[in-house]
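Architecture at a glance
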Amino acid sequence: DTAVSQTPKYLVTQMGNDKSIKCEQNLGHDTMYWYKQDSKKFLKIMFSYNNKELIINETVPNRFSPKSPDKAHLNLHINSLELGDSAVYFCASCPGLGAIGANVLTFGAGSRLTVL
Amino acid sequence: AQTVTQSQPEMSVQEAETVTLSCTYDTSESDYYLFWYKQPPSRQMILVIRQEAYKQQNATENRFSVNFQKAAKSFSLKISDSQLGDAAMYFCAANNFGNEKLTFGTGTRLTIIP
């Protein structure tokens, strides 16, 4: 069973399109994240949700909108895609404050987005 | 704010030898956690080892161990008996107790020479 699963794994699309990436975790964790890894492999946090509530929102364009329908799911919708959005997007989860292993993140396999 | 610095973009080691990857960090917090993650060509981020800052004893996981120097804010990773499967990008990361935002370094690409 995959602990943190993301779909799709690969996404190729044209500039200006809207696309979504889905993430689900079956670990029972309270907190979920989106990270972006650019072409130089640098990993930067975008968003974090705790039990469906947004707790971290880094400086990310409004075109990016996360949505957490329940604590096991965190989706990322991107409007009006630009060339610079090409990257690998990682979903991650962690148990949450007060839990054993609270600060340890488990990552999904990543979704490679290519904008042409 | 927290920063994590990895000054070695690339390292290489002969198979079966030992290699040390460097990491320094900066934080104003007294309680924090430090991590090494591995990213092989498969792209998956895999936790290698973690260290709680309040623990003086260096963490060890099989062939992987850390040298945690709290005063110097240094957290290096030692890989013993290097294997071909150790070839990957290695990321040092940190987060503060009570704040699960994980800050990453820029990574070190490790090559294993057969």
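The rules behind the values
- Residues numbered from 1 in each chain as written.
- Chains lettered and ligands numbered in written order.
- Predicted model: local features only at pLDDT ≥ 70, side-chain atom pairs only at ≥ 80, totals over all residues.
- Heavy atoms only, no water.
- Pairing = 2+ DSSP bridges.
- Helix = DSSP H or I, 4+ residues; strand = E, 2+ residues; numbered from the N terminus.
- Axes fitted to C-alpha atoms, helices over the stretch in contact; angles between N-to-C directions.
- Buried < 20%, exposed > 50% of the residue type's maximum accessible area, 1.4 Å probe, protein only.
- Contact = heavy atoms within 4.5 Å.
- Core = buried A, V, L, I, M, F, W, Y, C linked by side-chain atoms within 4.5 Å.
- Phe/Tyr/Trp six-rings, centres within 6.5 Å; stacked < 30°, edge-to-face > 60°.
- Lys NZ or Arg CZ within 6 Å of the ring centre and 35° of its normal.

Moving on: the sheet that holds strand β8 (residues 73–78) of chain A. Residues and elements named next belong to chain A. In space, the 4 strands of this open sheet follow the order β1-β3-β8-β7, with antiparallel pairing throughout. Each of the sheet's edge strands pairs with one partner strand only, and the pair in question is β1 (4–7) and β7 (64–70). Ignoring which end each strand starts from, the neighbouring axes of this sheet average 15° apart. Examined bridge by bridge, strand β3 (residues 19–25) and β8 share 4 bridges and lie antiparallel to one another.

Within the secondary structure, B:Met45 is located in the loop between β5 (32–39) and β6 (46–52). Note on B:Met45: relative accessible area 4%, which makes it buried. Distance in space between the C-alpha atoms of B:Met45 and B:Met89 is 9.4 Å, their sequence separation being 44 residues. Once residues within four sequence positions are removed from consideration, B:Met45 is found in contact with A:Leu43, A:Phe90, A:Phe107, B:Tyr37, B:Lys38, B:Gln39, B:Phe91 and B:Phe104.

Our focus in this paragraph is the environment of B:Lys78. Residue and element names in this part refer to chain B. Tracing the sequence through the fold places lysine 78 in strand β9 (residues 74–79). When its relative accessible area of 37% is taken as the criterion, lysine 78 is described as partly exposed. Leaving out residues up to four positions away in the same chain, lysine 78 has contacts with Thr18, Val19, Thr20, Arg63, Phe64 and Ser65.

Bringing the nonpolar core into the picture now. In terms of nonpolar packing, the biggest core is built from 25 residues, with B:Trp36, B:Phe75, B:Leu77 and B:Tyr90 touching the most fellow members. Of all the elements in the fold, those that place two or more residues in this core are β3 (19–21), β5, β6, β8 (64–69), β9, β10 (88–96) and β12 (108–113) of chain B. Ranked by the residues each element gives to this core, the list is headed by β10(B), at 4 residues. A:Leu43, A:Cys94, B:Phe35 and B:Phe104 belong to the second largest nonpolar core, which has 21 residues in total.

So, on to unusual backbone geometry. Residue and element names in this part refer to chain A. In this structure, proline 8 follows threonine 7 across a cis peptide bond, with omega equal to 0°. Within the secondary structure, proline 8 is located in the loop between β1 and β2 (10–13). One non-glycine residue, asparagine 51, adopts positive backbone phi at about 50°. Relative to the assigned elements, asparagine 51 resides in the loop between β5 (43–50) and β6 (53–57). On the accessibility criterion, asparagine 51 (41% relative accessible area) is partly exposed.

On to the packing of aromatic side chains, then. One pass over the full model with this rule turns up 13 aromatic pairs over all chains. Aromatic rings pair up to connect A:Tyr33, A:Tyr35, A:Phe90, A:Phe107, B:Phe35, B:Tyr37, B:Phe91 and B:Phe104 into one cluster. Lying over the aromatic face of A:Tyr10, B:Arg43 brings its terminal NZ or CZ to 5.0 Å of the ring centre.

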